[in-house]
Amino acid sequence: MSDKRQDYISWDEYFMGVAMLSAMRSKDPNTQVGACIVSQDNKILSMGYNGFPAGCSDDAFPWAREGEPLDNKYLYSTHSELNAILNYRGGSLEGAKIYVSLFPCNECAKAIIQSGIKTIVYDCDKYAHTAPVIASKRMLDAAGVRYYKYEHTGRELQLNV
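Enquirer: Summarise helix α3 (residues 106–115); cite the residues concerned and give the values.
Expert: Listing the buried residues of α3 in full gives Asn 106, Cys 108, Ala 109, Ala 111, Ile 112 and Ser 115. Contacts made by the buried residues of α3 are with α2 (80–87), β3 (97–102), β4 (119–124) and α4 (131–143). In the segment just after α3, Gly 116 is the residue with positive phi, at about 95 degrees.

Enquirer: Explain the nonpolar core to me, using residue names and the numbers behind them.
Expert: Residues Ile 37, Ile 85, Ile 98, Ile 112, Ile 117 and Ile 120 are the most contacted members of the largest nonpolar core, which totals 21 residues. Mapped by element, the contributors of at least two residues to this core are β1 (34–38), α2, β3, α3, β4 and α4. Each residue touching Ile 112, except ones within four places of it in the same chain, is listed here: Glu 81, Ile 85, Ile 98, Pro 104, Ile 117, Ile 120 and Val 145. Core analysis: the second largest hydrophobic core is formed by nine residues, Met 16, Ala 19, Cys 36 and Tyr 99 among them.

Enquirer: Outline the packing of aromatic side chains, listing residues and values.
Expert: Using the criterion set out here, one finds nine aromatic pairs in the structure. Summarising the aromatic geometry, the rings of Tyr 14 and Phe 15 are spaced 4.9 Å apart at their centres and angled 50 degrees between planes, so their arrangement reads as tilted. Residue classification places Phe 15 among the buried positions, given a relative accessible area of 0%. These aromatic residues form a ring-pair network of at least three members: Trp 11, Tyr 14, Phe 15 and Tyr 99.

Enquirer: With reference to specific residues and values, describe the sheet that holds β4.
Expert: Reading across from one edge, β2-β1-β3-β4-β5 is the order of the five strands in this open sheet, with mixed pairing throughout. Of all the strands in the sheet, the pair left with one neighbour each is β2 (44–49) and β5 (146–149). Here the average twist between neighbouring strands, direction ignored, is 15 degrees. For β1 and β2, the ladder comprises five bridges, and the chain directions are antiparallel. Paired with Val 38 across the two strands is Ile 44, which belongs to β2. Helix α1 (residues 11–23) contacts β1, β2, β3, β4 and β5 of the sheet and is inclined by roughly 55 degrees relative to β3. Across the sheet, α2 is in contact with β1, β2 and β3; its angle to β2 comes to roughly 135 degrees.

Reading the values: rules and limits
Residues numbered from 1 in each chain as written. Predicted model: local features only at pLDDT ≥ 70, side-chain atom pairs only at ≥ 80, totals over all residues. Heavy atoms only, no water. Buried < 20%, exposed > 50% of the residue type's maximum accessible area, 1.4 Å probe, protein only. Helix = DSSP H or I, 4+ residues; strand = E, 2+ residues; numbered from the N terminus. Contact = heavy atoms within 4.5 Å. Core = buried A, V, L, I, M, F, W, Y, C linked by side-chain atoms within 4.5 Å. Phe/Tyr/Trp six-rings, centres within 6.5 Å; stacked < 30°, edge-to-face > 60°. Pairing = 2+ DSSP bridges. Axes fitted to C-alpha atoms, helices over the stretch in contact; angles between N-to-C directions.

Here you go:
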């Protein structure tokens, strides 16, 4: 009998990799965010990325970050976390974990809390000092949702597709 290989990726590497791969589906020219929801027994339940709702053409709605509210992306786009929650077609998400490439905003935090997700693993927190993320952390803390930063291993993962 041979020994198992030792260089396999961890669960966190695997699921954060899925979240980052999902982000690559985003058409947003500035920010691509992906999410992967996982059960307590490490089964992928759902995935999502930031973009417009189904039926809203990526060519007909604005991708701009600046300008009048109706002329930029913010009133139209759906964040990756909410898309992953809405894409789930199973039962409850109670006790699940969500991997996300960017720390959730206050609106996504509400959806995460209400859906029963109990843990967030995030890669980047570049908006940590903004009101939406400060509010997000305040609500997550109050609701007992644990969050922690993904620890990069330095391992390079390559896909040849």
